[in-house]
Amino acid sequence: MIKEKNTSTTRLTEPSKPTENIPYRFSYWGPFVFRSKILPAECKMILAAGKKCRKKANDYRDQLAGQLSDEYKLQDRQEFSEWLEKYLQAYAVGYNKWRGGEDTLSNLKLHSLWINYMKAGDFNPPHHHDGDLSFVIYPFIPQKLIKENKAYTGTSIGPGGIAWIYGLGLRRYIDTSQHMPETGDIYIFPASLKHWVYPFRSKIERISVSGNIFCDTFLVKKGEN
Ligand SMILES: [Fe+2]
């Protein structure tokens, strides 16, 4: 998002003047992007699973959009599904609340699962995923990357950050959601939602695990949203 510069445009209401207390409602629009934390033991398990699968036979790059040299298919899907389920259920509950309809997410199945070892100069361009929902988990974010990100002075989220974009980018719309991940973060989002990752220069590995979920149709009560 581009920060606006001060201009001489006349404002309709000067911020220093009190405004009338008008009661109002407003609509939430757009996708539901969920952020939570996984447990330290789950982070450890991911790192160990990644180590085990980090070999040529599991090279997954031909299925992914990234310009990364190390992306591997993870084999322990059943084990992942077992502990991941509680976060997916939390997403479903949160989504229902946010959407305000009679909604069900059922028969959730982990369809694909992979690990990314992103290095200095790698890039993950705007892309979306297969399936209904997708997630990304960060089992370890190195301090060097956090430091590089903090030193960044531009207007985007900066090195190592992730951004989701929705809609046409019209003015006055919130069309981007961007975050600098922390160790243990999990994000769950609609698989069709476009996102990308900003490159960085630190000589570290930014490790993330992603997967796609298929589930039965969302049943939303028709009516006013
Ligand atoms: Fe992605």
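Here, the structure is the one placed above.
Residues numbered from 1 in each chain as written. Predicted model: local features only at pLDDT ≥ 70, side-chain atom pairs only at ≥ 80, totals over all residues.

(A) Expanded view of the sheet that holds strand β9 (residues 194-197). Spatial ordering of the open sheet is given by β4-β9-β6-β7, a layout of four strands whose pairing is antiparallel. Each edge of the open sheet carries a strand with a single partner, namely β4 (124-127) and β7 (176-179). When the angles between neighbouring strand axes are averaged without regard to direction, this sheet yields 15 degrees. As defined by bridge partners, β4 adjoins β9 across two bridges and the pair is classed as antiparallel. (Pairing = 2+ DSSP bridges. Helix = DSSP H or I, 4+ residues; strand = E, 2+ residues; numbered from the N terminus. Axes fitted to C-alpha atoms, helices over the stretch in contact; angles between N-to-C directions.)

(B) Expanded view of the sheet that holds strand β2 (residues 71-73). Taken together, six strands build an open sheet; the order of strands is β1-β8-β5-β10-β3-β2 and the sheet is antiparallel. Each of the sheet's edge strands pairs with one partner strand only, and the pair in question is β1 (34-37) and β2. Across the sheet, the mean angle from the axis of one strand to that of its neighbour is 20 degrees, orientation sign disregarded. Bridge analysis of β1 against strand β8 (residues 185-190) gives four bridges, and the strand direction is antiparallel. Paired with Lys 37 across the two strands is Asp 185, which belongs to β8. Sheet contacts for helix α2 (residues 77-99): β1, β3 (109-118), β8 and β10 (206-214); angle to β3, the most-contacted strand, approximately 105 degrees. (Contact = placed C-beta atoms within 7 Å.)

(C) Looking closely at unusual backbone geometry. Positioned with a positive phi, Arg 172 is a non-glycine residue whose angle comes to about 75 degrees. Looking at the secondary structure, you find Arg 172 in the loop between β6 (162-165) and β7. Since 5 C-beta atoms lie within 10 Å of it, Arg 172 is described here as exposed. (Buried ≥ 20, exposed ≤ 12 C-beta atoms within 10 Å, placed from the backbone.)

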